[in-house]
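Inside the fold
The chain contents come next:
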Amino acid sequence: MTRQFWIRHGATKGNLEKRYIGRTDESLCEEGIAALKKKSMPPADVVFVSPMRRCIETAKILYPDRAQIVIQDFRECDFGDFEGKNYIQLKDDARYQAWIDSGGELAFPNGESPKEFRERCLRAYHKARRMIEEDARVAFVVHGGTIMSVLSALCSPQKGYYDFQIENGGGYSVSESGGKMTKVERL
């Protein structure tokens, strides 16, 4: 059984402005760095990260003595034409309203579909899982969408994608055995 810690990266300027930040490679903002420095996360033997700066920087703050293993497919969703915009900028866009009306299931215009994104995150998790020893304590410093994708697919009992939303710098502690995740608790 492994103990896993799924941690969302610290806040960026785009996060504070409630923007869709996926493929934009933002660094943490001063507020995000300060908030992370106040946190204490459980120790980890292995630290996996998304290739995005905000995740790498978060892992350096939370796990400064651990090497990071970058998994490319842990990156955030490609929000296409919505990238870098917030609700105020998108509210009059018919494509955005259609996406909202779909419950977030439509593909982002010129971006990734939620289905493709979730499948990519699961493939990335299974790739990482093959590198983990059975009794390891593992931190995944990734994006909110990545966390929601993996946990909603593998947790028992199963919950919905949006049930695993988490604030910047927050996370979940999970026990994993035999491909199932149980004992999900907020960090």
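This text goes with the structure placed above it.
In this report, we go over the structure that sits alongside the text. (Residues numbered from 1 in each chain as written. Predicted model: local features only at pLDDT ≥ 70, side-chain atom pairs only at ≥ 80, totals over all residues. Heavy atoms only, no water.)

1. Digging into the overall build of the chain
- A count of helices and strands for the chain gives seven helices and six strands.
- When its helices and strands are written in sequence order, the chain yields β-α-α-β-α-β-α-α-α-β-α-β-β.
- In summary, the chain has a C-alpha radius of gyration of 16 Å against a globular reference of 16 Å for 187 residues, a match within 12%.
- Principal-axis analysis of the C-alpha atoms places the extent of the chain at approximately 50 × 35 × 25 Å.
- Burial status across the chain gives 49% buried among its 187 residues. (Helix = DSSP H or I, 4+ residues; strand = E, 2+ residues; numbered from the N terminus. Rg over C-alpha atoms; globule rule 2.2 N^0.38 Å. Buried < 20%, exposed > 50% of the residue type's maximum accessible area, 1.4 Å probe, protein only.)

2. Comments concerning the packing of helix 2 (residues 30-37) against helix 3 (residues 53-62)
- Close contact between helix 2 and helix 3 brings their axes to 9 Å; oriented N to C, the two are set at 30°. In terms of orientation, helix 2 lies roughly parallel with respect to helix 3. Of the two elements, helix 2 crosses helix 3, and the hand of that crossing is right-handed. Of helix 3, the residues touching helix 2 (which contributes Ile33, Leu36 and Lys37) are Thr58, Ile61 and Leu62.
- A per-class count over the contact of helix 2 with helix 3 returns four nonpolar, one polar and one charged. (Axes fitted to C-alpha atoms, helices over the stretch in contact; angles between N-to-C directions. Parallel < 35°, antiparallel > 145°, perpendicular 65-115°, else oblique. Left-handed = near helix turned anticlockwise from the far one by under 90°. Contact = heavy atoms within 4.5 Å. Nonpolar A, V, L, I, M, F, W, Y, C, P; charged D, E, K, R; others polar.)

3. Focus on the nonpolar core
- With 35 residues, the main nonpolar core has Trp6, Phe48, Phe74, Tyr125, Phe140, Leu151 and Met181 as its most contacted residues.
- When residues of this core are traced back to their parent elements, those giving at least two are strand 2 (46-49), helix 5 (94-101), helix 6 (114-129), strand 4 (137-142), helix 7 (144-154) and strand 5 (171-177).
- The next biggest cluster of nonpolar side chains, apart from the first, holds 14 residues, and it includes Met41, Ala44, Tyr63 and Ala139. (Core = buried A, V, L, I, M, F, W, Y, C linked by side-chain atoms within 4.5 Å.)

4. What about the sheet that holds strand 3 (residues 68-70)?
- Across the sheet, which stays open at both edges, the six strands sit in the order 3-2-4-1-5-6 with mixed pairing between neighbours. Edge strands, defined here as strands with exactly one partner in the open sheet, are strand 3 and strand 6 (180-186). Between one strand axis and the next, the sheet turns through 25° on average, direction left out of account.
- Across the sheet, helix 6 touches strand 1 (2-8), strand 2, strand 4, strand 5 and strand 6, and the angle it forms with strand 1 is around 140°.
- Strands in contact with helix 7 are strand 1, strand 4, strand 5 and strand 6; relative to strand 1, the strand with the most contacts, it is inclined by about 145°. (Pairing = 2+ DSSP bridges.)

5. Overview of the packing of aromatic side chains
- One pass over the full model with this rule turns up 19 aromatic pairs.
- A ring pair is formed by Phe82 and Phe108, whose centres lie 5.9 Å apart and whose planes are at 90°; its orientation type is edge-to-face. With a gap of 26 residues between them, Phe82 in the loop between strand 3 and helix 4 (87-90) and Phe108 in the loop between helix 5 and helix 6 connect regions that are remote in the sequence. For the pair shown, Phe82 and Phe108 are each scored as buried.
- Among the aromatic side chains, those forming a connected cluster through ring pairs are Tyr20, Phe79, Phe82, Tyr87, Tyr96, Trp99 and Phe108.
- Looking at Arg118, its charged tip hangs above the ring of Tyr161, at a distance of 3.9 Å from the centre. (Phe/Tyr/Trp six-rings, centres within 6.5 Å; stacked < 30°, edge-to-face > 60°. Lys NZ or Arg CZ within 6 Å of the ring centre and 35° of its normal.)

6. Side note on the pattern of salt bridges
- The full count for this structure, using the stated rule, is 16 salt bridges.
- Across the pair Arg137 and Asp45 runs a salt bridge whose closest N-O atoms are separated by 2.9 Å. Taken together, the residues Arg137 in strand 4 and Asp45 in the loop between helix 2 and strand 2 connect sequence positions 92 residues apart.
- Notably, a salt bridge pairs Glu119 with Lys115, separated by 2.6 Å at the nearest N-O pair. In this pair, Glu119 and Lys115 are both assigned in helix 6, four residues apart and thus about one turn of the helix distant.
- On the basis of relative accessible area, Glu119 is assigned to the partly exposed category, the value being 36%.
- A network of salt bridges, in which partner residues are shared, links Lys13, Glu17 and Arg19. (Salt bridge = Lys/Arg side-chain N within 4 Å of Asp/Glu carboxyl O.)

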